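Structural overview
These are the residues of each chain, in order.
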Amino acid sequence: MTNGWYSLYHVASGLALDVSGEDDASTMVFHPNTQASLQRWLVQNHGGGAWSIQNANGRFLSFPMANGVPSPTLGSTVLCSEMQHPWMIIPDSTPGSFRLWVPNTMLVADALNPTATTTAGLYMYTPERTQTWRFIAAV
C-alpha cells in the first residue's frame, strides 16, 4: 500500500465505501461510481502502522467520540469527522485485500450483510472475507 487516492471496495459485496451527501459524515457502502468524489479517499502512511483515510470532502474516516476522546466500540458507526484518527491497514490472506483495524483493539471496519446504503460499522475481527476491503487507485 502506498500513499495516494483510492476508492475502497467491500470485497464481499463489490460496493464502494461512500459518504452520505446528506450530512457529509455517515458512511455506507453504495454502488461504485468512479466519478463520485464521496467515494474517493486519500490514504496516507504516518509510520508505525498508522494510516489516515481522508475523504475528498476533507473529513477523515473515524469513529465516535465520548467526552472528547475517541471511543470505538463494538457496533458503532464508522463516520467521517474533522478529527483524524489512525487506522491500521493490514493485508489479508486474499491477495489485494485488506482489513481496516482500529489500533489496539480487535475491531475492524465492516458492512454487515451489505446492500446499497448499508452503514459501515465496527465489528469484532473474524477470519471471514466479509470484513475485507480492496483499495483501487482512483483516477
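Notes on the structure in this doc start here.

Cut-offs used in this document
- Positions within a chain are numbered from 1, following the residues in the order the chain's sequence is written.
- Only residues with pLDDT of 70 or above have their local features reported here, since the model is predicted, and side-chain atom pairs are shown and tallied only from 80 upward, although totals for entire chains, interfaces and linings are computed over all residues.
- Water and hydrogen atoms play no part in the side-chain values, which are based on all heavy atoms of the structure.
- Numbering of helices and strands runs from the N terminus; a helix is a DSSP stretch of H or I covering at least four residues, while a strand is a stretch of E covering at least two.
- A radius of gyration in this sense is built from C-alpha atoms; the matching globule rule multiplies 2.2 Å by the number of residues raised to 0.38.
- Buried residues are those whose accessible area, probed at 1.4 Å on protein chains only, stays under 20% of the maximum for their type, while exposed residues exceed 50% and partly exposed ones sit between those limits.
- The contact rule is simple, with two residues in contact once any of their heavy atoms fall within 4.5 Å.
- Per-residue and other accessible areas follow the Shrake-Rupley method at a 1.4 Å probe size, with only the shown protein chains counted as cover for residues.
- His is not counted, nor are the chain ends; Lys and Arg add positive charge and Asp and Glu add negative charge.
- Charge positions are represented by NZ for Lys, CZ for Arg, CG for Asp and CD for Glu.
- For two strands to count as paired, DSSP must find a minimum of two bridges between them.
- What we call a nonpolar core is a set of buried Ala, Val, Leu, Ile, Met, Phe, Trp, Tyr and Cys residues that are connected through their side-chain atoms within 4.5 Å.
- Any Phe, Tyr or Trp ring, taking Trp's six-membered ring, that has another such ring centre within 6.5 Å forms a pair; planes under 30 degrees apart are called stacked, those over 60 apart edge-to-face, and the others tilted.
- We define a salt bridge as a contact between a side-chain nitrogen of Lys or Arg and a carboxyl oxygen of Asp or Glu at a distance within 4 Å.
- By the criterion applied in these results, polar contacts are pairs of N or O atoms within 3.5 Å in which, for protein atoms, one can donate a hydrogen and the other can accept it, and in which residues neighboring in sequence qualify only through two side-chain atoms.

Regarding its fold elements, the protein chain presents 0 helices and 15 strands. In terms of overall size, the protein chain behaves like a compact globule, its C-alpha atoms giving a radius of gyration of 13 Å where 139 residues would be expected to give roughly 14 Å. Based on the C-alpha atoms only, the size of the protein chain along its principal axes is roughly 35 × 35 × 30 Å. Across the 139 residues of the protein chain, 42% fall into the buried class. By sequence separation, contacts in the protein chain at least 24 residues apart represent 51% of the contacts at least 6 residues apart. Roughly 6700 Å² of accessible area belongs to the protein chain as shown, and the carbon and sulfur atoms make up 55% of that amount. The positive charge centre, built from 5 side chains, and the negative charge centre, built from 8, are 10 Å apart in the protein chain.

Taken together, the 4 bridges between strand 10 (residues 88-91) and strand 11 (residues 98-101) define a ladder with antiparallel strand orientation. Within strand 11, the residue paired with Pro-91 across the bridge is Phe-98. Where strand 10 folds back on strand 11, the antiparallel hairpin that results is connected by 6 residues, among which Gly-96 adopts a positive phi of roughly 85°.

Counting 27 residues, the largest nonpolar core has Trp-87, Leu-100 and Phe-135 as the members making the most contacts within it. Broken down by secondary-structure element, the contributors of at least two residues to this core are strand 1 (4-10), strand 2 (16-19), strand 4 (41-45), strand 5 (51-55), strand 11, strand 12 (107-110) and strand 15 (133-137).

A few words now on the packing of aromatic side chains. This model, assessed by the stated rule, comprises 4 aromatic pairs. Ring geometry for Tyr-6 versus Phe-135: centroids 5.9 Å apart, planes at 80°, classification edge-to-face. Taken together, the residues Tyr-6 in strand 1 and Phe-135 in strand 15 connect sequence positions 129 residues apart. Residue Tyr-6 shares its accessibility class with Phe-135, and that shared class is buried. Taking 5.6 Å as the distance between ring centres and 70° as the angle between the ring planes, the aromatic pair formed by Phe-63 and Trp-87 counts as edge-to-face.

With that settled, consider the pattern of salt bridges. Any two side chains of opposite charge can pair, given that their charged atoms come close. For the coordinates displayed, the defined rule picks out 1 salt bridge. Here Arg-99 makes a salt bridge to Asp-92, at a shortest N to O gap of 2.9 Å. With respect to burial, Arg-99 and Asp-92 carry one shared label: buried.

Locating Gln-131 in the fold gives a position in the loop between strand 14 (121-124) and strand 15. Of the polar contacts made by the side chain of Gln-131, one reaches the backbone oxygen of Met-124; its length is 2.8 Å. A distance of 2.8 Å separates a polar atom in the side chain of Gln-131 from the backbone nitrogen of Thr-126. Not counting chain neighbours up to four residues away, the residues in contact with Gln-131 comprise Phe-98, Arg-99, Val-108, Ala-109, Asp-110, Tyr-123, Met-124, Tyr-125 and Thr-126.

Topologically, Asp-110 is positioned in strand 12. When its relative accessible area of 1% is taken as the criterion, Asp-110 is described as buried. In sequence terms Asp-110 and Ser-52 are 58 residues apart; their C-alpha atoms lie 17 Å from each other. When residues no more than four places from it in sequence are discounted, the contact partners of Asp-110 are His-10, Thr-119, Ala-120, Gly-121, Tyr-123, Thr-130, Gln-131 and Trp-133. Of the polar contacts made by the side chain of Asp-110, one reaches the side chain of His-10; its length is 3.0 Å.

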